[in-house]
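Residue-level structural notes
For reference, the chains in residue letters:
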Amino acid sequence: MSTSPCGLLMVVSSPSGAGKTTLCRRLLTEHPELTFSVSYTTRPARPGERDGKDYHFVSDDTFTQMVEAGAFAEWNWVHGRRYGTGLETVRQALAQGRRILLDIDYQGAARILAVFADSARLVFILPPSLAVLESRLRGRQTDSEDVITTRLNKARHEVGQYPMYHYLVLNRELEAGYRELRAIYQAELARAEGRSAPEDDAALAHSCLTTERGALAERLLQGDEA
């Protein structure tokens with residue numbers, strides 16, 4: 001598929017509770033040229049969420065019609081609800097050379113990479129340990145014990161998908177995690193624009209490459225600290 005050489009599609013994934021939403025929101029705030037691609041979902045809106053800003057909240061029937069019409073670049077079931085990324089929205093944005101941020105799970109990331117291989121760069125947010133992840137989920141006080149158990153089991157499986165990602169960000173502490181995500185964006189933006197990234201950003205982004213950090217993910221999978 002042909003896209004503008006300046007188009008950049010940054011895909012960010014993580015287990016629930018790893019801090020992905022907080023990091024992405026800050027990146028969007030500090031880089032107004034970066035556009036958040038609003039996904040469609042069949043789940044109800046949570047307190048504080050707005051239709052068209054956080055998600056496009058649609059009925060099951062509407063979502064099914066969109067699937068049948070080929071309207072999604074990717075869609076998946078997540079915890080009993082469906083989520084999807086509008087194909088034409090992403091395609092047009094890349095053709096215009098825009099920078100887009102997608103917040104989706106590993107299944108969606110794989111499909112996006114297959115469709116937009118030239119423009120997509122995949123980033124996975126790692127928690128410092130599965131024990132810390134469990135503590136964060138319990139600290140929300142919004143999920144039942146069954147839901148927490150399901151999310152933790154899914155988290156281990158999700159971390160196991162790390163090899164398909166270009167970068168791994170370790171979110172042990174918010175400021176450090178954000179510096180890594182920002183450096184990756186700056187390095188990939190420079191690549192898309194055909195220029196050199198600032199030296200510090202380039203070095204930090206390189207240290208986050210999956211080829212450099214795979215051992216961290218392996219330690220997590222073994223139940224250790226990353």
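Below is a summary of the structure that appears in this document. (Residues numbered from 1 in each chain as written. Predicted model: local features only at pLDDT ≥ 70, side-chain atom pairs only at ≥ 80, totals over all residues. Heavy atoms only, no water.)

1. Examining the overall build of the protein chain
- Helix and strand counts for the protein chain come out as nine helices and nine strands.
- Computed over its C-alpha atoms, the radius of gyration of the protein chain comes to 17 Å, within 12% of the 17 Å expected for a compact globule of 226 residues.
- Within the span of the protein chain, comprising 226 residues, buried residues form 47% of the whole.
- The contacts of the protein chain with a sequence gap of at least 6 include a subset with a gap of at least 24, amounting to 70%.
- Counting every atom, the protein chain has about 10,800 Å² of accessible surface; 49% of that belongs to carbon and sulfur.
- Across the protein chain, the mean location of the 27 positive side-chain charges is 2 Å away from that of the 30 negative side-chain charges. (Helix = DSSP H or I, 4+ residues; strand = E, 2+ residues; numbered from the N terminus. Rg over C-alpha atoms; globule rule 2.2 N^0.38 Å. Buried < 20%, exposed > 50% of the residue type's maximum accessible area, 1.4 Å probe, protein only. Contact = heavy atoms within 4.5 Å. Areas by Shrake-Rupley, 256 points an atom, 1.4 Å probe, with all protein chains shown as cover. Lys, Arg positive; Asp, Glu negative; His and termini not counted. Charge placed at Lys NZ, Arg CZ, Asp CG, Glu CD.)

2. Concerning the packing of aromatic side chains
- Overall, the coordinates contain six aromatic pairs when judged by the stated rule.
- Three or more aromatic residues link up through ring pairs in this structure, and these residues are Tyr-40, Phe-63, Phe-72 and Trp-75. (Phe/Tyr/Trp six-rings, centres within 6.5 Å; stacked < 30°, edge-to-face > 60°.)

3. Description of helix α7 (residues 174–192)
- The first and last C-alpha atoms of α7 sit 27 Å apart over 19 residues, in line with the 27 Å expected at 1.5 Å per residue.
- If you check the start of α7, you find a side-chain oxygen 3.1 Å away from the backbone N of Glu-175, and it comes from Glu-173.
- In the segment just after α7, Gly-194 is the residue with positive phi, at about 70°. (Expected span 1.5 Å × (residues − 1). Polar contact = N/O pair within 3.5 Å; in protein donor to acceptor, adjacent residues only side chain to side chain.)

4. Some points on the pairing of strand β8 (residues 120–126)
- Most of β8 sits inside the fold, with seven of its seven residues counted as buried.
- Taking every second residue as pointing to the same face, both faces of β8 are buried, with Ala-120, Leu-122, Phe-124 and Leu-126 on one and Arg-121, Val-123 and Ile-125 on the other.
- As paired elements, strand β1 (residues 8–13) and β8 share five bridges and run parallel to each other. Within the sheet, the bridge partner assigned to Leu-9 lies in β8 and is Ala-120.
- Two strands pair when backbone bridges link them, and β8 and strand β9 (residues 167–170) are joined in this way by four bridges, in the parallel orientation. Looking at β9, one finds that Phe-124 is bridged to Leu-168. (Pairing = 2+ DSSP bridges.)

5. A short note on the sheet that holds strand β6 (residues 81–86)
- Pairing within the open sheet is mixed, and its four strands lie in the order β4-β3-β6-β5. Edge positions in the sheet fall to β4 (56–57) and β5 (72–78), since each has one partner strand and no second.
- For strand β3 (residues 40–41) and β6, the ladder comprises two bridges, and the chain directions are antiparallel. Bridging across to β6, Tyr-40 finds its partner in Gly-84.
- Sheet strands touched by helix α3 (residues 87–95): β5 and β6. Its angle to β6, the strand with the most contacts, is close to 30°. (Axes fitted to C-alpha atoms, helices over the stretch in contact; angles between N-to-C directions.)

6. Comments concerning helix α6 (residues 145–159)
- Look at α6: 21 Å from first C-alpha to last across 15 residues, which is about the 21 Å you get at 1.5 Å a residue.
- Packed against the buried residues of α6 are α4 (106–115), β8, α5 (130–140) and α9 (210–221).

7. A few points about the environment of Arg-99
- Along the polypeptide, Arg-99 turns up in strand β7 (residues 99–103).
- Contact partners of Arg-99, with chain neighbours within four places excluded, come to Cys-6, Leu-8, Glu-33, Leu-34, Thr-35, Tyr-185, Leu-189 and Glu-193.

8. Quick look at the nonpolar core
- By size, the foremost hydrophobic cluster in this structure holds 28 residues, and its most contacted members are Met-10, Val-123 and Ile-184.
- Secondary-structure elements contributing two or more residues to this core are β1, α1 (20–30), β8, α5, α6, β9 and α7.
- Of the residues forming this core, the biggest block, seven residues, is contributed by α7.
- Discounting chain neighbours no more than four positions away, the residues touching Val-123 are Met-10, Val-11, Val-12, Ser-13, Tyr-165, Tyr-167, Val-169, Leu-181 and Ile-184.
- Grouped together as the second largest cluster of nonpolar side chains are 27 residues, Ala-73, Ala-93, Ala-109 and Val-159 included. (Core = buried A, V, L, I, M, F, W, Y, C linked by side-chain atoms within 4.5 Å.)

9. Considerations on the environment of Glu-68
- Position of Glu-68 relative to the elements: it lies in helix α2 (residues 60–68).
- The spatial distance from the C-alpha of Glu-68 to the C-alpha of Ser-119 is 26 Å, given a sequence separation of 51 residues.

10. What about the pattern of salt bridges?
- For the structure shown, the criterion picks out 16 salt bridges.
- One salt bridge in this structure joins Arg-91 and Glu-88, with 3.3 Å as the shortest N-O distance. In this pair, Arg-91 and Glu-88 both sit in helix α3, three residues apart, roughly one turn of the helix.
- The exposure class of Glu-88 is partly exposed, given its relative accessible area of 40%.
- In this structure, Arg-138 engages Glu-134 in a salt bridge whose closest nitrogen and oxygen atoms are separated by 3.0 Å. Remark: Glu-134 and Arg-138 occur in helix α5; sequence separation between them is four residues, near one turn of the helix.
- For Arg-138, a relative accessible area of 34% gives the class partly exposed. (Salt bridge = Lys/Arg side-chain N within 4 Å of Asp/Glu carboxyl O.)

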